[in-house]
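# Remarks on the overall topology
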Amino acid sequence: APAALAPPPEPEPAVAPAPAPPDVIAVDETQPEAPAPKRRKKKRDILSDSSDDDEDAVAFPAYAFPGVPPRSHDWKRALRPPHASLAYASSRDGRLVYDGYPKARRHLLGLAAPGTALSRVASVRDLRREHLPALQKLHAFCRAAAEALGTPCRVGYHARPSLEPLHVHVISVDLDSEFIKQKKHFLSFATDRFVDASVVERAIENGALADALRGSNDEALACHRCGSSERNLPALRRHLAVCAAPPPAAWDVVGRQPAPAPSPQPTKPSPRPDDDDDDEWLERAPASRPTPKPAGKRPRDDEDDDDDDDDNGWPTPSRAANRVTTSGRRAPAAAEIIVLDETQDDAAMAPAPEADGTASVVTEESKD
């Protein structure tokens with residue numbers, strides 16, 4: 001019988017691949033790479049600086065007022081946002097813009113950084129204790145700008161603000177500006193209607209902000225530096241342009257006060273080149289010099305003719321007759337004086353006639 005055929009071998013079961021560890025993600029290399037996510041372009045603020053996100057130091061530019069900006073339809077909201085031409089400097093802690101109508105030779109406004117809690121505060125009267133950390137950073141930024149201006153400045157707030165939002169004034173203490181056209185413009189900075197930033201910080205900590213922003217109603221037009229009273233605003237502006245007195249000691253002034261100019265010292269005249277020669281001549285001069293004549297005596301014309309002068313140095317009548325006057329005419333001869341003796345006879349007593357027909361007679365009575 002034929003041999004039985006052997007059954008075919010059974011196929012080996014397929015071995016399943018080992019499962020990957022749970023923390024390992026298998027990537028199919030055949031799939032295309034996922035596109036990189038697109039970066040959203042950040043909307044640029046007109047006052048922002050491209051480098052303020054990378055560096056903390058801010059380089060303040062030189063102060064150069066750009067001019068009055070276009071008038072806003074709502075002047076109370078002119079800083080929401082400020083005009084682009086007024087931009088001055090910016091940092092993470094705040095923004096600085098030029099005041100559109102500066103009330104001094106240097107006048108800036110400090111604004112809160114966009115998107116921060118302070119940017120939603122309308123005025124200084126709305127500040128609370130939770131705003132204090134961000135407010136102190138804004139004040140430090142404004143003080144650094146005041147130092148860079150190179151002139152004494154104040155950093156503070158109006159006790160009665162008229163613009164929104166919250167803004168800090170950085171203003172020089174001179175208050176010399178053509179834009180001070182009303183009394184309130186001057187009084188809002190020269191009196192206690194302007195409150196220093198340091199006072200506002202302490203008032204927030206103590207819960208007495210309303211008292212610090214009370215302000216007075218003083219209306220006197222007097223210089224805030226020397227106290228000089230002026231009759232009107234134009235006279236006050238002329239005085240402020242030249243006043244150099246220091247600011248009040250109660251003010252929190254930021255910046256170094258410039259040293260007063262030294263008073264000019266009188267200069268000694270330089271000796272002339274021939275001064276030494278004059279001294280040398282005096283040393284070589286002979287010891288004997290002619291002595292000047294007494295002041296009471298008239299100088300003589302001829303020192304050798306002693307007989308023609310009397311004891312006092314005046315010429316005798318006979319010499320005076322030969323003198324010529326300044327008009328060119330010969331001076332009349334002096335009258336001859338005759339002393340009479342009463343013992344003489346009448347003929348001897350008769351005076352001799354003069355050339356001009358006059359005669360002078362002096363009698364001398366005999367003494368008992």
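Residues numbered from 1 in each chain as written. Predicted model: local features only at pLDDT ≥ 70, side-chain atom pairs only at ≥ 80, totals over all residues. Heavy atoms only, no water.

### Things to note about the pattern of salt bridges
Here is the rule we go by: Any carboxyl oxygen of Asp or Glu within 4 Å of a side-chain nitrogen of Lys or Arg constitutes a salt bridge here. The numbering of helices and of strands both runs from the N terminus, where a helix is a DSSP run of H or I of at least 4 residues and a strand a run of E of at least 2. Exposure categories follow from relative accessible area, calculated using a 1.4 Å probe and restricted to protein chains: below 20% of the type maximum is buried, above 50% is exposed, and the middle band is partly exposed.
Applying the stated criterion across every chain yields a total of six salt bridges. Arginine 105 is the partner of aspartate 176 in a salt bridge, and the nearest nitrogen-oxygen pair spans 3.1 Å. On the criterion of sequence distance, the pair formed by aspartate 176 in the loop between strand 5 (167–172) and helix 2 (183–190) and arginine 105 in the loop between strand 2 (95–98) and strand 3 (107–111) is long-range, its members being 71 residues apart. By relative accessible area, which is 23% here, aspartate 176 ends up partly exposed. Residue classification places arginine 105 among the partly exposed positions, given a relative accessible area of 41%. Between glutamate 219 and arginine 193 there is a salt bridge, and its shortest N-O distance comes to 3.1 Å. Of this pair, glutamate 219 sits in the loop between helix 4 (209–212) and helix 5 (233–240) while arginine 193 sits in the loop between helix 2 and strand 6 (194–196); the two residues are 26 residues apart in sequence, bridging distant segments of the chain. Salt bridges sharing common partners tie together Arg105, Asp174 and Asp176.

### Some details on unusual backbone geometry
The omega torsion across arginine 80 and proline 81 is -15°, close enough to zero to call that bond cis. Assignment of secondary structure puts proline 81 in the segment before strand 1 (87–90). With an omega of 0°, the peptide bond between glutamate 164 and proline 165 qualifies as cis. Tracing the backbone through its elements, the reader meets proline 165 in the loop between strand 4 (153–158) and strand 5. The backbone of leucine 175 sits at a positive phi, close to 55°, despite the residue not being glycine. Tracing the backbone shows leucine 175 in the loop between strand 5 and helix 2.

### Concerning the packing of helix 1 (residues 132–148) against helix 3 (residues 197–206)
For clarity, the cut-off: For helices, the fitted line uses only the C-alpha atoms of the stretch in contact; every axis is such a line through C-alpha atoms, and the angle between N-to-C directions lies from 0 to 180 degrees. Here the angle decides the label: under 35 degrees means roughly parallel, over 145 means roughly antiparallel, 65 to 115 means roughly perpendicular, and every other value means oblique. Contact criterion: two residues are considered in contact whenever any of their non-hydrogen atoms come within 4.5 Å of each other. When residues are grouped by polarity, Ala, Val, Leu, Ile, Met, Phe, Trp, Tyr, Cys and Pro land in nonpolar, Asp, Glu, Lys and Arg in charged, and all others, Gly among them, in polar.
The interhelical angle for the contact between helix 1 and helix 3, taken along N-to-C directions, is 170°, at an axis separation of 11 Å. Classed by the angle they form, the pair helix 1 and helix 3 counts as roughly antiparallel. Contacts between helix 1 and helix 3 involve Leu132, Leu135, Gln136, His139 and Arg143 on the former and, on the latter, Ala197, Ser198, Glu201, Ile204 and Glu205. Taken together, the residues of the contact of helix 1 with helix 3 break down into four nonpolar, three polar and three charged.

### Thoughts on the environment of proline 61
Structurally, the position occupied by proline 61 is in the segment before strand 1. Look at proline 61 and you get partly exposed, because its relative accessible area is 37%. Sequence separation of proline 61 and alanine 148 is 87 residues, and the distance between their C-alpha atoms is 8.5 Å. For proline 61, the residues in contact, after removing those within four places along its chain, are Tyr88 and Ala89.

### Considerations on empty space enclosed by the protein
What counts, and what does not: Put plainly, a pocket is an open set of points on a 1 Å grid over the protein atoms alone with protein on both sides within 12 Å along at least five of seven lines, a cavity is a set where a 1.4 Å probe fits but cannot get out, and a lining residue has an atom within 4 Å of a point. Grid points are joined across faces, edges and corners, and a volume is the space filled by probe spheres set on the points.
Taken as a whole, this structure holds two cavities of 30 Å³ or more when the rule is applied. Of the pockets and cavities examined, the largest cavity occupies roughly 60 Å³. Those elements giving two or more residues to the lining of the largest cavity turn out to be strand 4 and strand 5. Counted as a void, the second largest cavity has a volume near 40 Å³. Along the walls of the second largest cavity sit Arg154, Ile171, Ser172, Val173, Leu175, Phe189, Phe194 and Trp251, which together make up its complete lining. Taken together, the residues of the lining of the second largest cavity sort by class into six nonpolar, one polar and one charged.

### Some details on the layout of surface pockets
Roughly 1300 Å³ of volume is contained in the largest pocket. As for the largest pocket, its lining consists of 38 residues, of which Trp75, Tyr101, Lys103, Ser162 and Leu163 are closest to the centre. At the level of secondary structure, the elements contributing two or more residues to the lining of the largest pocket comprise strand 3, strand 5 and helix 2. Here the lining of the largest pocket takes four residues from helix 2, the largest share from any one element. The residue inventory of the lining of the largest pocket, partitioned by class, reads 16 nonpolar, 12 polar and 10 charged.

### Some details on the nonpolar core
For clarity, the threshold we go by: Buried Ala, Val, Leu, Ile, Met, Phe, Trp, Tyr and Cys residues form a nonpolar core when they are joined through side-chain atoms within 4.5 Å.
Counting residues in each nonpolar core, the largest one holds 39 residues, and the members touching the most others are Leu108, Leu118, Leu127, Val155, Tyr157, Leu166 and Val200. Grouped together as the second largest cluster of nonpolar side chains are 16 residues, Ala104, Phe186, Phe189 and Leu221 included.

### Looking at the environment of alanine 122
On the secondary structure map, alanine 122 appears in the loop between strand 3 and helix 1. Distance from alanine 122 to leucine 163, taken between C-alpha atoms, is 8.5 Å for residues 41 residues apart in sequence. Apart from the residues within four sequence positions on either side, alanine 122 is in contact with Arg80, Leu163, Glu164, Pro165 and Leu166.

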